[in-house]
Amino acid sequence: MTTAQTPELDVQPTPLALLLLGREADPKSERGVECPGDLPSPSDPDLVARARAAKEKLGDKVFVLGHHYQRDEVIQFADVTGDSFKLARDAAARPEAEYIVFCGVHFMAESADILTSDDQKVVLPDLAAGCSMADMATAEQVAECWDVLTEAGIAEQVVPVSYMNSSADIKAFTGKHGGTICTSSNAKRALGWAFEQGEKVLFLPDQHLGRNTAVRDMGMSLDDCVVYNPHKPNGGLTAEELRAAKMILWRGHCSVHGRFSLDSVNDVRERIPGVNVLVHPECKHEVVTAADYVGSTEYIIKALEAAPAGSKWAIGTELNLVRRLANRFAPENKEIVFLDKTVCFCSTMNRIDLPHLVWALESLAEGNLVNRIEVDKETEAFAKLALERMLALP
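Okay, so let's go over this structure.

1. Thoughts on unusual backbone geometry
A negative phi holds for most residues other than glycine; trans holds for most peptide bonds. Cis geometry marks the peptide bond from Leu204 to Pro205, where omega comes out at -20 degrees. For Pro205, the position within the fold is in the loop between strand S7 (200-204) and helix H10 (207-217). Within the chain, Asn234 stands out as a residue other than glycine whose phi angle is a positive 55 degrees. In this structure, Asn371 takes a positive phi of about 50 degrees despite not being glycine. In this structure, Asn371 sits in the loop between helix H16 (354-365) and strand S14 (372-373). Looking at Asn371, the relative accessible area reads 7%, which means it is buried.

Structure, rendered in structure tokens:
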């Protein structure tokens, strides 16, 4: 029964519902969250044509980046697709593009602004497209953590390693304190470099990637790892625990990858005999341990490209990508399913929909710069230093 059939209910959308629909903003959740002007209606039958026309009008002045987790309706307009770091580097390689429209989330657009020239302007179609993982580590919390490490007498031994999925502020902290950035593809190399510089690593902000890399890829034990909880005094750890640890893991996680469980793995093996379980390293340690293959988004794509026809795969990563891969490889009789029975999109990534993209492109085509992402110069300098250390990894 619809609300149109029951007008007496007088159902009104809540502020949260409006926020999730992209019709309202929550200024407390992220700086600058707003969407000035009216969005096109999602039911507008001309949205695709409008996006195409605006993009054609802008020509080489615009370069559209599409993250792998984006909706199909958006990804069709991307000039390049990829993970966050690949896209940021692609943007830097197109200096003739005045506008970089990043169909992704906030920290990705920040990275693009850091790596592109001052003349280029990075636009995020919906400023409320944040990242729950990146938001789990604020500059104030990390500064307080460093004070705790200093009081424990170990700060000089600690090298920060921050995942690409972090804010510009956290990247800058990492650069300022002699650390490096890593991706899910090069985390092992980044940790190897860090342990050549110091005795301990502070890994931000995803505990699972840090733990999986240290234990699964580098042979450490779970006892070598402790979890720093920024919401507890001293991170919930004693000075003795901090001194004994090799890996100090920030208590953060990906809201999508953290949903997968050991039960998910066991269930899919029962339902699909002979299935290959392939998961992202942001998944929990028990899930990674139970999987057949573990790797980054790019690794997952390449593994499925190389898989034999008729093979069966259960994929533990964001659903938009899994569904796109299932459709792509269906003609080769590759059976590709989502690891969990519960549908799970990245809700913030999905805020970039066709109406927001059309609005951004049409605004730019009319000469109106909207939703610019701009990192201040001091933050940019230290963040770039951390990124350059990653690029110099052997």
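What follows continues from the structure just given.
2. Focus: the side chain of Ser111
Mapped onto the elements, Ser111 comes out in helix H5 (residues 106-115). When sequence neighbours within four positions are dropped, the list of residues in contact with Ser111 reads Ala88, Met164 and Lys171.

3. Let's talk about the side chain of Arg351
Its place among the elements puts Arg351 in the loop between strand S13 (335-338) and H16. Its relative accessible area of 8% is what places Arg351 among the buried residues. A polar contact of 2.9 Å, which involves the side chain of Arg351, links it to the side chain of Asp126.

4. Details of the pattern of salt bridges
Inspection of every chain in the model, using the stated rule, returns 17 salt bridges. Between Arg269 and Asp292 there is a salt bridge, with its nearest N and O atoms 3.1 Å apart. Taken as a pair, Arg269 in helix H12 (residues 262-271) and Asp292 in the loop between helix H13 (285-290) and strand S11 (293-294) lie far apart in primary sequence, 23 residues in all. On the accessibility criterion, Arg269 (30% relative accessible area) is partly exposed. Residue Glu332 is joined to Lys334 by a salt bridge in which the shortest nitrogen-to-oxygen separation is 2.9 Å.

5. Topic: the pairing of strand S10 (residues 276-279)
Side chains Asn276 and Leu278 of S10 all project onto a buried face; the interleaved residues Val277 and Val279 project onto the opposite face, where all are buried too. As defined by bridge partners, S10 adjoins strand S12 (residues 312-316) across 4 bridges and the pair is classed as parallel. Opposite Val279, over in S12, you have Gly316 as the bridge partner. In terms of strand pairing, S10 meets S11 through 2 bridges, oriented parallel. For Val279, the partnering residue across the bridge sits in S11 and is Val294. Read from S10 through H13 to S11, the crossover connection turns out right-handed.

6. Here's the deal with the packing of helix H14 (residues 297-306) against helix H15 (residues 319-329)
Their axes nearest at 11 Å, the elements H14 and H15 cross at an angle of 20 degrees. Accordingly, the angle class assigned to the pair H14 and H15 is roughly parallel. For the element pair H14 and H15, the recorded crossing hand is right-handed. Residues Thr297, Ile300, Ile301, Leu304 and Glu305 of H14 pack against Leu321, Leu325, Arg328 and Phe329 of H15. Residue composition of the contact of H14 with H15, grouped by class: 6 nonpolar, 1 polar and 2 charged.

7. With respect to the pairing of strand S9 (residues 247-250)
Of the two faces of S9, the one carrying Met247 and Leu249 and the one carrying Ile248 and Trp250 are both buried. Sheet analysis places S7 next to S9, joined by 3 bridges and oriented parallel. When the sheet's bridge partners are listed, Val201 is paired in S9 with Met247. In terms of strand pairing, strand S8 (residues 225-228) meets S9 through 4 bridges, oriented parallel. Following the sheet pairing, Val226 is matched in S9 by Ile248. With respect to chirality, the unit in which S8 leads through helix H11 (residues 239-244) into the neighbouring parallel S9 is right-handed.

8. Overview of H15
Turning to H15, its buried residues number three or more, namely Leu319, Asn320, Leu321, Val322, Leu325, Ala326 and Phe329. Structurally, H15 contributes buried residues whose contacts are with H14, S12 and S13.

9. A word on H16
Taking 1.5 Å as the rise per residue, H16 with 12 residues should run 16 Å; its terminal C-alpha atoms sit 16 Å apart, in good agreement. Buried residues dominate H16, accounting for 11 of its 12 residues. Residues of H16 that are buried: Leu354, Pro355, His356, Leu357, Val358, Trp359, Ala360, Leu361, Ser363, Leu364 and Ala365. Elements in contact with the buried residues of H16: helix H2 (47-58), strand S1 (62-67), helix H3 (72-75), strand S3 (99-103) and strand S4 (121-123). Two residues or fewer past H16, Gly367 is found with a positive phi of approximately 90 degrees.

10. A short note on the sheet that holds S10
Pairing is parallel across the open sheet formed by 4 strands, whose spatial order is S11-S10-S12-S13. With partners counted over all chains shown, the strands left at the sheet margins are S11 and S13, one partner each. The sheet strands contacting H15 are S12 and S13, and the helix crosses S13 at an angle near 165 degrees.

About the criteria used
Residues numbered from 1 in each chain as written. Predicted model: local features only at pLDDT ≥ 70, side-chain atom pairs only at ≥ 80, totals over all residues. Heavy atoms only, no water. Helix = DSSP H or I, 4+ residues; strand = E, 2+ residues; numbered from the N terminus. Buried < 20%, exposed > 50% of the residue type's maximum accessible area, 1.4 Å probe, protein only. Contact = heavy atoms within 4.5 Å. Polar contact = N/O pair within 3.5 Å; in protein donor to acceptor, adjacent residues only side chain to side chain. Salt bridge = Lys/Arg side-chain N within 4 Å of Asp/Glu carboxyl O. Pairing = 2+ DSSP bridges. Right-handed = clockwise from strand over helix to strand, strands pointing away. Axes fitted to C-alpha atoms, helices over the stretch in contact; angles between N-to-C directions. Parallel < 35°, antiparallel > 145°, perpendicular 65-115°, else oblique. Left-handed = near helix turned anticlockwise from the far one by under 90°. Nonpolar A, V, L, I, M, F, W, Y, C, P; charged D, E, K, R; others polar. Expected span 1.5 Å × (residues − 1).

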